[in-house]
Amino acid sequence: MSEAPLTGTVPEAETLPAPSVPDKVSLDGLEDRWNGTWTEAGTYAFDRTATREQVYSIDTPPPTVSGSLHVGHVFSYTHTDVVARYQRMRGKAVFYPMGWDDNGLPTERRVQNYFGVRCDPSLPYDPDFTPPHVGGEGKSIKAADQVPISRRNFVELCGRLTAEDEQQFEALWRHLGLSVDWQQHYQTIGRDSRLVAQAAFLRNLARGEAYQAAAPGLWDVTFQTAVAQAELEARDYPGFYHKVAFHLTEPGPDGSDAVYIETTRPELLPACVALIAHPDDERYRDLFGTTVTSPVFGVELPVLAHPAAEMDKGAGIAMCCTFGDLTDVQWWRELDLPTRSVLGRDGRIVRETPEWLASDAGRATYEEMAGKTTFSARNVVVDALRASGDLDGEPVPTQRKTSFFEKGDKPLEIVTSRQWYIRNGGRPHTEANGRDLRENLLARGRELEFHPDFMRVRYENWVNGLNSDWLISRQRFFGVPIPVWYAVREDGEVDHGAVLAPDEAQLPVDPSIDVPPGYTEDQRGQAGGFVGEVDIMDTWATSSLSPQIAGGWLRDADLFERVYPMDLRPQGQDIIRTWLFSTVVRAHLEFGALPWKHAAISGWILDPDRKKMSKSKGNVVTPMGLLEEHGSDAVRYWAASARLGTDAAFEVGQMKIGRRLAIKVLNASKFALTMGGDAPLVLDPAAVTVPIDRAMLAGLAEVVETATAAFEAYDHTRALEVSETYFWTFCDDYLELVKDRAYNRDGVLPAAEAASARAALAIAVDTFLRLFAPVLPFATEEVWSWYRTGSVHRASWPEAAPLRAAAADGDAELIRATGQALAALRKVKSEAKVSQRTTFARVRLELPADAVPFVQQALGDLRAAGRVRGDLEIVGASGAEQASVTEHELDEPEPRR
């Protein structure tokens, strides 16, 4: 074992009353018992007198309140709790709040299903409304059968259901043993959150970082809302390629009169504004600058070049429609093309026939399409193409990658609408330091300590891949209102350029209810008056401010000074692009700095088929049953066995191992602490004088040193691994070797030797409990209560230096060598199928040569543990790799009683 400098001194002896150990120890019921005690004692309460240097603050993820937590939450939140408990034992005042992400689409969808209602903002408020259905998921209630209610009634039901869900979430978190300070909690729809979100938005607006624009954007036709880039999912979607002829206005060089494109969206033919090919594509170079007419609709269109066209995809030439996908938007913007939208927000073809359709055949076809879904309109156009002879062959099936809203079921469309944006580097924007915002946000990512570090590249890839600013407005109901109004001109038209903003002192506000400064309610909707913004903020626009909300920004300056910027942001890898990045954006724009120092990124939980567990996939496991069956410590052990950033399989077997460990902590501690009977428990390092006892403490010092370094590096798995490995060595080898000496039942051994073993055992238990406390909070607290007052979770983290000082010249190799020798003796009895209590009349033990000096120092304990009555011959062999018995004679086994 490598020697470390002895920076510690042997601590003074500590004498405690004899341990009060129950006759039968068990893990059952510990969660309820200790949760009640912790709550009553305020064990995890944040110390408001601590200075910022004394505080460790955590930006806890606010889970989405929309039904139930799943085992993936248990996995990642345990990682956070392990850090919180470690830092608390290191003497930090840990600020560990809990938030509830209760606004947004998941909650609205759950309310619709749960209560059998849907929101219709045109309806008046009914103070006596009773929902037609309460309970379950309401999946049997079709959307058409849901009762329409006012926005206010709908929002009230959202608040009612989230309050019920939050109580269940808190109960589960407590059962899991999260050391959260439950006095520090918030809701993303609560007053404090609305205040912070609206104030931050108004400050963004004042600095030019928030702006509104009417532009094409991604739109979910089911939820009737705009969707941001960060909320997209690319999914395979079935479709058909249609080979369609566009007619040249003048014959081509080869005499051809048509050019063929391949499209999966023929229903957008009336929205076509150009044909586009790559500038290097020899097939179409002669067509650039000429025009074609669209089939069926007869609209003259230019043929243009753009480098984003894919030469190897389809025919290599594509129609640009306004708008079929994001590439269409790029072409439309960069080539300054006209806008010819035919798709409405409801996902149907707009009913009014466009003025640019001049031909009778084109207008007739469009009138047949009008008001239909894209699917039905597609059939109309394909039939017309067949009739005109412009469809070459029949449609060919294909699978195409299509953008979906991450919570949606239908492909997103692109429609033009007025929306609010916050600058995030997706568009060029020069900041005060002369650098582009994107450059500054990349620099923030380099400042942040990612754990594991390779997660940083995901942040950088996301920032580098942005192609638009952050769209934050949503056309939904349950969320933080965008806090602005618009002036109404004297002609009765709303002037969206005349934004009316409240003072911060008025916040939070609801523009649909409250009135802007200088106006009265009777001017709402009137000429010369105002109208309120009806959109709400994207839920990420609120949760991106979680460190400011939890830390008391704008409402509790004293708290904010003590906890912000925070130390840790723990979260999942899949929301680096959303939650982590957006929080960096908001902190950078408002404070010019990072919101935290460290980001701990958890991996995913995989099902038995190695697929990510998620509610949308329907393969999740709800955790309460696991916690009740295996115990919270066991489930926490499974979670803590996985490193940050590493995907882990859902494995009940690992939970069983964790339960075995927790039970062993109880049983081994009981065994070790009761060696002295009713005598006081003495933790006296100076009493540890026997070589093997010192060797055990030397090994324990090394464990503490390694575990501490691992925790400091945010590697809780390594800390658990090294502690657990040595604990089993302690139980299987050391405890078995010294128990006879520690008991000293007949008093035949010198009292000092017995005292040495008892002191070493007590010190070891006291140390192991602290090492395991972050992962196994219930078992360790139970044992701690047998012989100490207070909580192990408020005890100090063990230090290696005092253990090294107590170990003096002890070498942990002695434990390993003697443990192997004991195992060799036991193996003989196991193979002979006799009790381990059977004695050896004589035995010859062959060891690796370098192990002999160590085993010689522990012969007395080895004899006692191995039940060697007669001669014990120790022989060193240079070629031996492990201990083995080469000769032996066993006494007659004792008769069974």
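Each chain has its residues counted from 1, running along the sequence as written. It should be noted that, the model being predicted, local features are given only for residues of pLDDT at least 70 and side-chain atom pairs only at 80 or more, the latter also being counted only at that level, while totals for whole chains, interfaces and linings use all residues. Only hydrogens and water are set aside; all other atoms, that is, all heavy atoms of the structure, feed into the side-chain values.

Caption draft 1: Structural context of the overall build of the protein chain. What counts as a helix is a DSSP run of H or I of at least four residues, what counts as a strand is a run of E of at least two, and both are numbered from the N terminus. A count of helices and strands for the protein chain gives 25 helices and 32 strands. Along the first, second and third principal axes, the C-alpha atoms of the protein chain reach 115 × 70 × 60 Å. Expressed as a percentage of the 897 residues in the protein chain, the buried residues total 56%. Note on contacts: a residue pair qualifies if any of its non-hydrogen atoms lie within 4.5 Å across the two residues. Summarising the internal contacts of the protein chain: among those between residues at least 6 apart in sequence, 78% fall at separations of at least 24. Here, Shrake-Rupley sampling with a 1.4 Å probe gives the accessible areas, and only protein chains in the shown set may cover a residue. Carbon and sulfur atoms make up 48% of the accessible area of the protein chain, which totals about 37,800 Å². Positive charge is attributed to Lys and Arg, negative charge to Asp and Glu, and no charge count is given to His or to the chain ends. Every charge is mapped to an atom, namely NZ of Lys, CZ of Arg, CG of Asp or CD of Glu. Positive and negative side-chain charges of the protein chain, numbering 94 and 129 respectively, have mean locations separated by a distance of 4 Å. Residue exposure (1.4 Å probe, protein chains only): buried if accessible area is under 20% of the type maximum, exposed if over 50%, otherwise partly exposed.

Caption draft 2: Structural context of the sheet that holds strand E18 (residues 449-451). Strands were regarded as paired on the criterion that DSSP finds at least two bridges between them. Overall, parallel pairing links the three strands, which are arranged E18-E26-E25 in an open sheet. The outermost strands of the open sheet, each flanked by one partner alone, are E18 and strand E25 (566-572). Averaged over all pairs of adjacent strands, the angle between strand axes in this sheet comes to 20°, irrespective of strand direction. Axis lines are fitted through C-alpha atoms, for helices just across the contact stretch, and the angle between N-to-C directions can take any value from 0 to 180 degrees.

Caption draft 3: Structural view of unusual backbone geometry. Going from Thr322 to Phe323, the amide bond is cis rather than trans, its omega being 5°. Examined against the element boundaries, Phe323 turns out to sit in the loop between strand E15 (317-321) and helix H6 (326-334). Cis geometry is adopted by the peptide bond preceding Pro452, which originates at His451 and carries an omega value of 0°. At Lys833, a residue that is not glycine, the phi angle is positive and equals roughly 60°.

Caption draft 4: Main features of the environment of Thr818. By the element assignment, Thr818 lies in helix H23 (residues 813-832). Here Thr818 falls in the buried class, since its relative accessible area comes to 0%. In this structure, the C-alpha to C-alpha distance between Thr818 and Asp733, residues 85 residues apart in sequence, is 7.9 Å. Residues within four places of Thr818 in sequence aside, it is in contact with Ile692, Leu737, Phe854, Val855, Ala858 and Leu862.

Caption draft 5: Up close: the environment of Ile317. Relative to the assigned elements, Ile317 resides in strand E15. Here Ile317 falls in the buried class, since its relative accessible area comes to 3%. The spacing of Ile317 and Ile261 is 56 residues in sequence and 5.9 Å in space, taken between C-alpha atoms. Residues in contact with Ile317, not counting those within four places in the same chain, are Val259, Tyr260, Ile261, Leu275, Ile276, Ala277, Tyr284 and Val303.

Caption draft 6: Local environment of the pairing of E15. Counting buried positions over the five residues of E15 gives four, a clear majority of the element. Where strand E12 (residues 272-277) meets E15, five bridges bridge the pair, whose relative direction is antiparallel. By the bridge assignment for E15, Cys272 is matched with Cys321.

Caption draft 7: Spotlight on the packing of helix H2 (residues 71-89) against helix H4 (residues 151-176). Contact pair H2 / H4: the axes reach a minimum separation of 11 Å and the direction vectors enclose 55°. Of the possible angle classes, the one that applies to H2 and H4 is oblique. The way H2 lies across H4 gives a crossing that is right-handed. The segment H2 lies against H4, with His73, Val74, Tyr77 and Thr78 engaging Leu172, Trp173 and Leu176. Class assignment for the residues of the contact of H2 with H4 results in five nonpolar, two polar and no charged. The scheme is simple: roughly parallel for angles under 35 degrees, roughly antiparallel for over 145, roughly perpendicular for 65 to 115, oblique for anything else. Two helices crossing with the near one rotated counterclockwise from the far one by less than a right angle form a left-handed crossing, whereas a clockwise rotation gives a right-handed crossing. The classification used treats Ala, Val, Leu, Ile, Met, Phe, Trp, Tyr, Cys and Pro as nonpolar, Asp, Glu, Lys and Arg as charged, and all other residues, Gly among them, as polar.

Caption draft 8: Spatial organisation of the packing of aromatic side chains. Any Phe, Tyr or Trp ring, taking Trp's six-membered ring, that has another such ring centre within 6.5 Å forms a pair; planes under 30 degrees apart are called stacked, those over 60 apart edge-to-face, and the others tilted. Throughout the structure, instances matching the rule amount to 34 aromatic pairs. Relative to Phe530, the ring of Tyr519 lies with its centre 5.6 Å away and its plane at 70°, an arrangement referred to as edge-to-face. Within this pair, whereas Tyr519 is found in the loop between strand E22 (494-500) and strand E23 (530-532), its partner Phe530 is found in strand E23, the two being separated by eleven residues in sequence. Assessed through its relative accessible area of 0%, Phe530 is described here as buried. In textbook terms, an aromatic cluster arises when at least three aromatic residues are bridged by ring pairs, as seen for Tyr726, Phe727, Trp728, Phe730, Tyr734, Phe768 and Phe772. Charge-over-ring contacts are defined here by two conditions on Lys NZ or Arg CZ: a distance within 6 Å of the ring centre and an angle within 35 degrees of the ring normal. Above the ring of Trp579, the side-chain terminus of Arg569 is found at 3.1 Å from the ring centroid. Cation over ring: Arg660 sits above Trp728, and NZ or CZ is 4.4 Å from the ring centre.

Caption draft 9: Spotlight on the pairing of strand E8 (residues 210-220). Pairing of E8 with strand E17 (residues 413-422) involves ten bridges; the strand directions are antiparallel. Across the sheet, Ala215 pairs through a bridge with Ser417, a residue of E17. In terms of strand pairing, E8 meets strand E9 (residues 225-226) through two bridges, oriented antiparallel. Looking at the pairing, Asp220 lines up with Thr225 of E9. Hairpin remark: E8 followed by E9, antiparallel, with four residues in the connecting loop; positive phi at Gln224, about 55°.

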